[in-house]
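Spelled out, the chains give:
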Amino acid sequence: MSAVRYLALVPVATVMLGPFFFNRVTPFLFGLPFLLSWMALSLAMTSVVMYIVYRFDPRNAPGYVELGE
Amino acid sequence: MNIALILIFGTMLLALWLGVRAQRGKDMSLEQWTVAGRGFGAGLVFLLMAGEIYTTFVFLGGSGFAYGVGGPAYYMLGFGSLSFVLSYWILPPIWRFAKQHRLLSQPDFFAKKFNSPALGILVALVGVVALMPYLVLQLKGLGIIVSVASYSGLSSTQGVWIGAIVTVIYVMVSGVHGSAWTSVLKDFLVLAVAIFLGLYLPWHYYGGITPMFEAIELAKPGFLALPATGKNAVWMTSTVLLTTLGFYMWPHMFMASFTAKSEQSLRRNAYTLPIYQMMLLFVFFVGFATVLQIPGLTGPDIDLALFKISIATFDPWVVGIIGAAGVLTAIVPGSMILMAVSTLLANNVYRAIRKSSDNAEADNRHIGRVAKLAAPLVMLVGLWFTLQGGQTIVSLLLMAYSLVTQLFPALLASIMPSRPVSKAGAIVGILVGEATVAVLSVTKMTISDLIPFIPDFLKDTNVGVVALTLNVIAMLLVTAATRSGAKQDSNQLRADSIA
């Protein structure tokens, strides 16, 4: 889990850097203005990345009990 | 009475029936009314959290903002990404602490974490002040929808009153159970309408989505990207940051996390909610489709974009279905906000006043009755503000966001293992942040008015960042001055937890 959780920084970086580096209308990406497409892809990537983080997090395993409970 | 109005009324009655029916078989104690006895599984928690995504802010404000400003509207996609990432790590410890101490509201959490009833009252007051503009924007949206979708068969004021009465009834009867079950109806209907409009309108008027964007780029070059000044990249990223930090600071969102049965439910939402937020694209398509078809809407009228183009395109029965979906985007989130404000006033303000005046601890049954009776009074205040008119939906929400975001630094400090902030630091930080937001909102100052020597590229930063920065500085300075207090509070709480 320790290394996998840093994957969550990827969508954070794409959202925060996109407006500075990809602030353009053309070329259209997937038929949408470039920046709009970039932000939508960041959102889709958030879902994929957070699913990976969730799956590799031992706290979500069935029957997991927090120490001290 | 036209067909559109019949469909809108029918949907309101269905929502009322679902909302009232939701309390069947449950003893509506304060804990059931506010946090559903902490018994909601992943599905209902998802619906409560997702309910926040499809409010009139998105349905009317999202399409209106895309119509009015173009590229800057994309910030709504950005804060969705970041909020859900953040939720994975902040919601489980909040839920765990709330469950351990049987807390019912956001101020309870702060008061218990910092061992400070005064901080609890401050957080309750901030919550009430921030939620009022949020309730007003739902009611404002409701008025627009009923009036426009009924072809002026009902006035905006009549629409607002009818929606408000429906909401108050099922909030008083069913509390959060009513909000959860009407969310089911709302989300199905809104999803269907958003996808249909987002696909049909570009095809009908332009022959497709890409041809629509090509036509807009030809007519208004650069409209679909961020401008060089004003709402530019710096504005967008600072606004995304502020709204991300504020997203779960809303009292009703905070309390929605208390309803979960387990912390896994909350973590699972971190990967399911972003998919749901993707539906915003279709709402944007509606706004963009309107740009060249119905030009000239300005100021608060940009919120009418979705309905103006719907009326120009469809028969009344289709407009009625769109109006019905729109009504639900106002009354379902409105019910959660109403319940949150009523709970804050009863559980955290009234209870504290009663305790200090006659030194008597009110029991939860009595507080529950007060909360239910507060609901219609809160709604009346919301109605009064709504009927005053004024700002656009998005500008109202961004102001309210600046207020709730000021709670984030203290919250973050509270869930750190060593809690590095004293209660005095937390209180002063919040007060400084809120005072800054109030001054900036009243004087309409920009960041370059505040800091004349600021570098050019930072001049368009959202002014809420200034309030947040001053908040953190004040919090740390006061904590440094009262350092022993932080340790003492923390040790006291640890001792309480062990006991």
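Each remark here, short or long, concerns the structure printed above.
We now turn to the structure provided with this report. Values in this document were obtained by computation on a predicted structure and should not be read as measured data.

The helix and strand inventory of chain A stands at 2 helices and 0 strands. Within chain A, the proportion of its 69 residues that are buried is 39%. Taking as baseline every contact in chain A between residues at least 6 positions apart, the subset at least 24 positions apart corresponds to 55%.

Let's shift gears to the packing of aromatic side chains. Residues and elements named next belong to chain B. Taken as a whole and assessed by the stated rule, the structure comprises 26 aromatic pairs over all chains. Among the aromatic residues, ring-to-ring pairing joins Phe65, Tyr75, Phe79, Phe84, Trp235, Phe247 and Tyr248 into one connected group. Just above the ring of Phe223 sits the side chain of Lys220; from NZ or CZ to the centre is 4.3 Å.

Now for unusual backbone geometry. All names here are of chain B. Unusually for a residue other than glycine, Asn115 sits at a positive phi of about 55°. Considering the arrangement of structural elements, one finds Asn115 in the loop between α6 (106-113) and α7 (117-149). Residue classification places Asn115 among the partly exposed positions, given a relative accessible area of 32%. Within the chain, Tyr151 stands out as a residue other than glycine whose phi angle is a positive 55°. When you line up the elements, Tyr151 lands in the loop between α7 and α8 (156-174).

Now for the interface of chain A and chain B. On the side of chain B, 37 residues touch chain A, which itself brings 33 residues to the contact. For the pair chain A and chain B, the summed buried area comes to about 3,200 Å², and 76% of that belongs to carbon and sulfur atoms. When the buried area of chain A at its contact with chain B is split by residue, A:Leu36, A:Leu43 and A:Tyr54 rank highest and sum to 19% of it. At the junction of chain A with chain B, the criterion picks out 0 salt bridges. Linking chain A with chain B are 5 residue pairs in polar contact (both at pLDDT 80 or more). Listing elements by their share of the side of chain A that touches chain B, those giving two or more residues are α1 (9-21) and α2 (34-55) of chain A.

Think of a ball as big as a water molecule: rolled over the atoms, this probe shows where empty space is left. All names here are of chain B. If you walk through the whole model with that rule in mind, you get 5 cavities of 30 Å³ or more. Of the volumes computed, that of the second largest cavity is approximately 50 Å³. Surrounding the second largest cavity, Thr34, Val176, His252, Met255, Ala256, Met336, Met339 and Ala340 form its lining. Counting only elements with at least two residues in the lining of the second largest cavity, the list comes to α12 (251-258) and α16 (316-358). Within the lining of the second largest cavity, the residues separate by chemical class into 6 nonpolar, 2 polar and no charged.

For the rest of this paragraph, the subject is the side chain of B:Ser265. Among the structural elements, B:Ser265 can be located in helix α13 (residues 263-277). Its relative accessible area of 5% is what places B:Ser265 among the buried residues.

All right, on to helix α22 (residues 464-481) of chain B then. Each α-helix winds once per 3.6 residues, and so residues spaced three or four apart point in a common direction. Under the 1.5 Å per step criterion, the end-to-end length of α22(B) is 26 Å for 18 residues, consistent within 8% with the ideal 26 Å. Buried within α22(B) are the following residues: B:Gly464, B:Val466, B:Ala467, B:Leu468, B:Asn471, B:Ala474, B:Met475 and B:Thr479.

Below, the discussion takes up the packing of helix α14 (residues 280-293) of chain B against helix α15 (residues 305-313) of chain B. The axes of two packed helices give the description: the angle between them and the distance between them. Residues and elements named next belong to chain B. One can describe the packing of α14 onto α15 by two numbers: an axis separation of 9 Å at closest approach and a directional angle of 65°. Here α14 is positioned roughly perpendicular relative to α15, judged by the angle of their axes. Note that α14 runs across α15; the crossing there is left-handed. Residues Val286, Ala289, Thr290 and Gln293 of α14 form the contact with α15, whose own contacting residues are Ala305, Leu306 and Ile309.

Now for a nonpolar patch on the surface. Residue and element names in this part refer to chain B. A contiguous nonpolar patch, built from Trp161, Ile165, Ile169, Val173, Leu377, Leu380 and Leu387 and spanning about 610 Å² of accessible area, is present on the exposed surface. Contributions of two or more residues to the nonpolar patch are made by α8 and α17 (364-386). Counting residues per element, the nonpolar patch draws most heavily on α8, at 4 residues. Overall, the relative accessible area of 41% leaves Leu387 in the partly exposed class.

Reading guide: rules and limits
Residues numbered from 1 in each chain as written. Chains lettered and ligands numbered in written order. Predicted model: local features only at pLDDT ≥ 70, side-chain atom pairs only at ≥ 80, totals over all residues. Heavy atoms only, no water. Helix = DSSP H or I, 4+ residues; strand = E, 2+ residues; numbered from the N terminus. Buried < 20%, exposed > 50% of the residue type's maximum accessible area, 1.4 Å probe, protein only. Contact = heavy atoms within 4.5 Å. Phe/Tyr/Trp six-rings, centres within 6.5 Å; stacked < 30°, edge-to-face > 60°. Lys NZ or Arg CZ within 6 Å of the ring centre and 35° of its normal. Buried area = accessible area lost by both parts, 1.4 Å probe. Salt bridge = Lys/Arg side-chain N within 4 Å of Asp/Glu carboxyl O. Polar contact = N/O pair within 3.5 Å; in protein donor to acceptor, adjacent residues only side chain to side chain. 1 Å grid on protein atoms, 1.4 Å probe; cavity = no way out; pocket = protein on both sides within 12 Å on 5 of 7 lines; lining within 4 Å. Points joined across faces, edges and corners; volume = space filled by probe spheres on them. Nonpolar A, V, L, I, M, F, W, Y, C, P; charged D, E, K, R; others polar. Expected span 1.5 Å × (residues − 1). Axes fitted to C-alpha atoms, helices over the stretch in contact; angles between N-to-C directions. Parallel < 35°, antiparallel > 145°, perpendicular 65-115°, else oblique. Left-handed = near helix turned anticlockwise from the far one by under 90°. Patch = residues over 30% accessible without salt bridge, like charges linked within 9 Å, V, L, I, M, F, W, Y side chains within 5 Å. Areas by Shrake-Rupley, 256 points an atom, 1.4 Å probe, with all protein chains shown as cover.

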